[in-house]
Structure formats: C-alpha cells, structure tokens
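# Observations on the model geometry
Chain by chain, the residues run as shown.
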Amino acid sequence: MTNLANTLVSQIAAHISADGLQPGDRLTERKLAEQFRVSRSPVRAALKQLEEAGVLVSGDRSGYRLVDAAAAEQFNAPVAEVDEDERIYLQIADDRVTGKLPERIMESEFQRRYDLTKGRLAKLLRRMAQEGWIERLPGHGWEFLPVLTSLESYRDSYRFRQLIEPAALLEPRFQLNRPVLESRLAEQRWLVEGGIWTVPDAKLFELNSGMHESVIECSQNIFFIDALKRVDRLRRLIDYRQMLDRDVARERCLEHIELLHLVLMGRNEEASEFMRQHLAALGPLKSRARATG
C-alpha cells in the first residue's frame, strides 16, 4: 500500500458515510479515480483493503458493492482526533530536535508531559518506532535514535544527496520499476491538484521522500539506496520543523512530476542533471525556511 492508497481508504470510507451509501450500492475504480482526481492504481489498492476489512465485496467490471457501511467507520476517524494526534506527534518531534527530551524516557514521563492516555501514547510510539526515530528498551522505557539537529548538518545532508541521487540515475544496472514510479507520479499529481493544501506535514514528508527513494531504488546499487534511506531517517524530524510554504512546496512537486516523466521515458542523463538542480535549489530553500521560522 502506498501513502496515496492509504489516504484514499479514508477518503472512500468518508464518501460512504457522507453520501449515505447502503449495502448493495456499487463503487467503481473509474468513478472514484475521477472523483478524487487520481489514477486507478491507488484506488484499486484502497478498494482491495476495504474488501479485506469486510466493507466491500468485489463484483464484475472493476466494481465493488458495499456490504457493511458501519465497518467503514473504522477508517474514518474524527478529524479533531486526527488533528490532535498530529499536533502531539509534531510537538514530540520538535522537543526531540531542540533537546527538550532526554535520550531515554519512560512511558509514564511521555504521559505526564503530553497529557496522554495509554492508548493514544501506544499509537504514537508505534508510529515513531515504525518511522525509525525511537526504539523500545527492555521494560517500559524508550530510547531516541540519532537525528539531525543542527542547520549545518541539515545542509550537509542536501550536499550529500546532490552527489548520490544524480549518480544513481546513471548506474549501469539501473532498471526502471514502472509500476512503482507511476504510482509515485499519481501521488505527486494528487498533491499538485489540491492535496498539498490539506496533507499533514509528516505525510507530505513521506510522499516526497518516498518518491526520491523509489527513484534511487531503480539504480540497484545497495550503497546508494541505504545511504539515502539513512539520510531520510536522520533528517525526518528537522524537516517537520521547517516545511516549505505550501505554494513553494507545490512547485517542488511539479518538479517531481517532471523528473518522473524523464525517468519513465528513459531519459536518465537529463533526469540526472534535473535531479542535481532540484536538490541544489531545495536545500538552501529549506535551510532558509528553518533559519527564519
């Protein structure tokens, strides 16, 4: 499941509730793709997840029929609750980068600092662990993993990326993974067509870093691939603190679309130079955003 497909699961569930759909009502890939202005591939993945959850049952001609509208509600969390979880998550990330949290911390301290229930804390810790910036210690304690905390190290990460990402596009064993890159292209189009204004900062990071990681994975050079994933993990929290203005971020997504078109057409030399220019411009922009933010 891509990030876009996961987002579509919630959007389709909300559509079922908001429009009062009843058991037996039909949903099709084509109409949903048109409604949410995305390609059919992520819609197909989202519908499959809803089928596995017992919300839908597959029919003929790329269609599904609604079986259990109530079951869709588990994917349609209240907006206020989602917003509050995101606020607390970003506050923890900010406190980690600024040194307000110790390297090791007990769950009881998390609960006290952020006024969290055990259930909400467990959800947040699970997310942080999955994203690779905290890990459980024996017992009830947790330890934060290394992250970038200074503006200088953040700039260094972009200079490093300017070396490896353009080079990866020129690797002799480069092999295009068309389905994955087309899915990434659909995500970027969704952002440009309006998603950029509503997507949370953490999700925007996932979509954009995921696009870059999917491109470099085509190089089949494990050193390039592992290096970028490590850099993305290290810069994740500092990136949350200084996301670009959404108008500017949309321009960067337009560049991602152009880059993906070049790669999908097999024009890797042009894509390599485009990647270099894209990263050269993006690093200073984000550094200035953080310095003045």
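Residues numbered from 1 in each chain as written. Predicted model: local features only at pLDDT ≥ 70, side-chain atom pairs only at ≥ 80, totals over all residues. Heavy atoms only, no water.

### Details of the sheet that holds strand β1 (residues 26-28)
One open sheet holds the three strands; their spatial order is β1-β3-β2, and the pairing between them is antiparallel. Strand pairing shows two members of the sheet lacking a second neighbour, β1 and β2 (56-58), which therefore form its edges. For this sheet, the mean inter-axis angle between neighbouring strands, taken without regard to orientation, is 35 degrees. Packed onto the sheet, helix α3 (residues 40-52) meets β2 and β3 (63-66) and runs at close to 115 degrees relative to β2. (Pairing = 2+ DSSP bridges. Helix = DSSP H or I, 4+ residues; strand = E, 2+ residues; numbered from the N terminus. Axes fitted to C-alpha atoms, helices over the stretch in contact; angles between N-to-C directions. Contact = heavy atoms within 4.5 Å.)

### Remarks on helix α8 (residues 178-192)
In this model, α8 (15 residues) spans 21 Å end to end at C-alpha, consistent with the 21 Å of a helix rising 1.5 Å per residue. Looking at α8, one finds that the buried residues are Leu181, Ser183, Arg184, Leu185, Ala186, Glu187, Gln188, Trp190, Leu191 and Val192. At the exit of α8 stands Gly194, carrying a positive phi of roughly 140 degrees. (Expected span 1.5 Å × (residues − 1). Buried < 20%, exposed > 50% of the residue type's maximum accessible area, 1.4 Å probe, protein only.)

### Some details on the nonpolar core
Ile12, Ile16, Val55, Leu56, Phe110 and Trp133 are the most contacted members of the largest nonpolar core, which totals 79 residues. Of the residues forming this core, the biggest block, eight residues, is contributed by helix α11 (residues 246-264). Ignoring sequence-local partners within four residues, the contact set of Phe110 consists of Ile92, Ile105, Asp115, Leu116, Leu121, Leu125, Ile134 and Phe144. Core analysis: the next-biggest nonpolar cluster, separate from the first, contains seven residues, Ala168, Phe224, Ile225 and Leu228 among them. (Core = buried A, V, L, I, M, F, W, Y, C linked by side-chain atoms within 4.5 Å.)

### As for the environment of Leu169
Within the fold, Leu169 resides in the loop between α7 (151-168) and α8. Among the residues examined, Leu169 registers a relative accessible area of 3% and is labelled buried. Along the primary structure Leu169 and Val263 are separated by 94 residues, whereas in three dimensions their C-alpha atoms are 8.3 Å apart. Residues within four places of Leu169 in sequence aside, it is in contact with Phe174, Val215, Val263, Asn268, Ala271, Ser272 and Met275.

### Points about the environment of Pro172
Along the chain, the position of Pro172 falls in the loop between α7 and α8. Looking at Pro172, the relative accessible area reads 78%, which means it is exposed. With 48 residues separating them along the chain, Pro172 and Gln220 place their C-alpha atoms 9.3 Å apart.

### Structural notes on the packing of helix α2 (residues 29-36) against α3
Between α2 and α3, whose axes approach to 9 Å, the crossing angle comes to 115 degrees. Remark: the crossing between α2 and α3 carries right-handed chirality. Side by side, α2 and α3 meet where Glu29, Arg30, Leu32 and Ala33 of the first sit next to Arg40, Val43, Arg44 and Leu47 of the second. For the contact of α2 with α3, the class distribution of residues is four nonpolar, no polar and four charged. (Left-handed = near helix turned anticlockwise from the far one by under 90°. Nonpolar A, V, L, I, M, F, W, Y, C, P; charged D, E, K, R; others polar.)

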